[in-house]
Structure formats: C-alpha cells, structure tokens
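Chain by chain, the residues run as shown.
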Amino acid sequence: MISKIGLGGSCHWCTEAIFLSLNGVIRVEQGWITSLPPDSDFSEGVLVHFDESIISLQTLIAVHLHTHSCTSTHRMRSKYRSAVYTFSPIQTEYAKNAVDNLQHNFKDKIITQVIPFITFRLNQESYLNYYYSNPQKPFCENVVNDKLRLLLRDFSAQVNSEKLKDL
C-alpha cells in the first residue's frame, strides 16, 4: 500500500535527498507545509510517498529524527519546524507512539511535533531533486553529504546503495 507522510525539520534540500535515498520511497515532494494554528505559517518540509510493504512509517520517523536536530529549539525553528505532518487520526496516533518510543535514543527531549497536515506548496522546479541534480554544489558537498553518510552508517539496510555508491 502506498502512503504519505509530511516531514519537516531542516532544509528541504537535505530532507528530500535523505528520503529519496531510501528503498521503498516512491516520491518526495519538496516545498513548504502548514498545519493548524499556531503552526499555520509555511515551514520547509517534504511529502514522502512510500510503499509500506518495503519501508515502515516507524523507520521513516526514525530516519527523520536522526537526520535533523530534533531536540534543538534554535532560532530558525519557524523556518524549519521540527514536525511529522499526519493525514489521519490513526496515522497521528502511530506517529506520536513512534516519536515517544524513539526518545530513548536521544539525551535531550525530542521537540518534534506530530501535527495535522493542512496545505503544501511545491518548491520551484529548478530546486526540485536538488541534491541528485547538483551533487557538486558546495551546499550538497558540505551539508547534504554528511547527512547521507549518517544515513548510510545508521540505516544501511534501508538505503538504496546504488544511489549513494559515490559517498
């Protein structure tokens, strides 16, 4: 079954590259997401479409928490809201349980919110698939590659190794 989840927490170029590198992820839409007030302002995020028979929502949430500053309340949080955006009450309950169950992996309290998805605005075409279209760009080499190396180290069983063979 194909499902989708919204994720935000860091630059959507990083987040897009991370999730495009996983087996079972069918498509990633990169842009800005809103939720209900007080989270109704647009914040960078992605919509991840995935095949539940290949990768679980639990794994996607674990990858998400481990690849951004899910315990940090830094000054850029309004632009980079740490969130899991859900599409149904059942998905909300499951995501909240997943975040709670992963807390033991982090020294500090996870601040990632599980909130309802409301709207999405797709980024400009020239910025879509940013990493895989521009791997030589300084941002990709200096920021995204480090996150992808972490992904390879900590989630190697879920990674599409063909996509990351040059890391």
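Let me begin by describing the structure that accompanies this report.

The rules we used
Residues numbered from 1 in each chain as written. Predicted model: local features only at pLDDT ≥ 70, side-chain atom pairs only at ≥ 80, totals over all residues. Heavy atoms only, no water. Salt bridge = Lys/Arg side-chain N within 4 Å of Asp/Glu carboxyl O. Helix = DSSP H or I, 4+ residues; strand = E, 2+ residues; numbered from the N terminus. Buried < 20%, exposed > 50% of the residue type's maximum accessible area, 1.4 Å probe, protein only. Phe/Tyr/Trp six-rings, centres within 6.5 Å; stacked < 30°, edge-to-face > 60°. Lys NZ or Arg CZ within 6 Å of the ring centre and 35° of its normal. Pairing = 2+ DSSP bridges. Axes fitted to C-alpha atoms, helices over the stretch in contact; angles between N-to-C directions.

Time to look at the pattern of salt bridges. Going through the model one piece at a time under the given rule, you end up with seven salt bridges. Among the ionic pairs, K79 bridges to E44, the shortest N-O distance being 3.6 Å. Of this pair, K79 sits in the loop between α2 (57-66) and β4 (83-86) while E44 sits in strand β3 (residues 43-51), placing them 35 residues apart in sequence. Residue classification places E44 among the buried positions, given a relative accessible area of 6%. Here D146 ties to R149 by a salt bridge, and the two come within 3.1 Å at their closest N and O atoms. You can see D146 and its partner R149 sitting in helix α5 (residues 138-154), three residues apart, about one turn around the helix. Of the residues examined, D146 reaches a relative accessible area of 47% and is grouped as partly exposed.

Moving on: the packing of aromatic side chains. Counted under the stated rule, the structure contains six aromatic pairs. Seen from their ring centres, W13 and F139 are 5.5 Å apart, and the 75° between their planes marks the pair as edge-to-face. Taken together, the residues W13 in helix α1 (residues 12-20) and F139 in helix α5 connect sequence positions 126 residues apart. In this structure F139 comes out as partly exposed when scored by relative accessible area, which is 27%. Each member of the aromatic cluster is reached from another via a ring pair, and the members are W13, Y127, Y130 and F139. Taking NZ or CZ as reference, R121 lies 4.5 Å from the ring centre of F42, over its face.

The strand order β5-β4-β1-β3-β2-β6 describes an open sheet built from six strands, whose pairing is mixed. Pairing within the sheet leaves two strands with one partner each, and these edge strands are β5 (113-116) and β6 (119-122). Each strand of the sheet is rotated relative to its neighbour by a mean of 35°, with strand direction disregarded. Across six bridges, strand β1 (residues 2-8) lies against β3 in antiparallel orientation.

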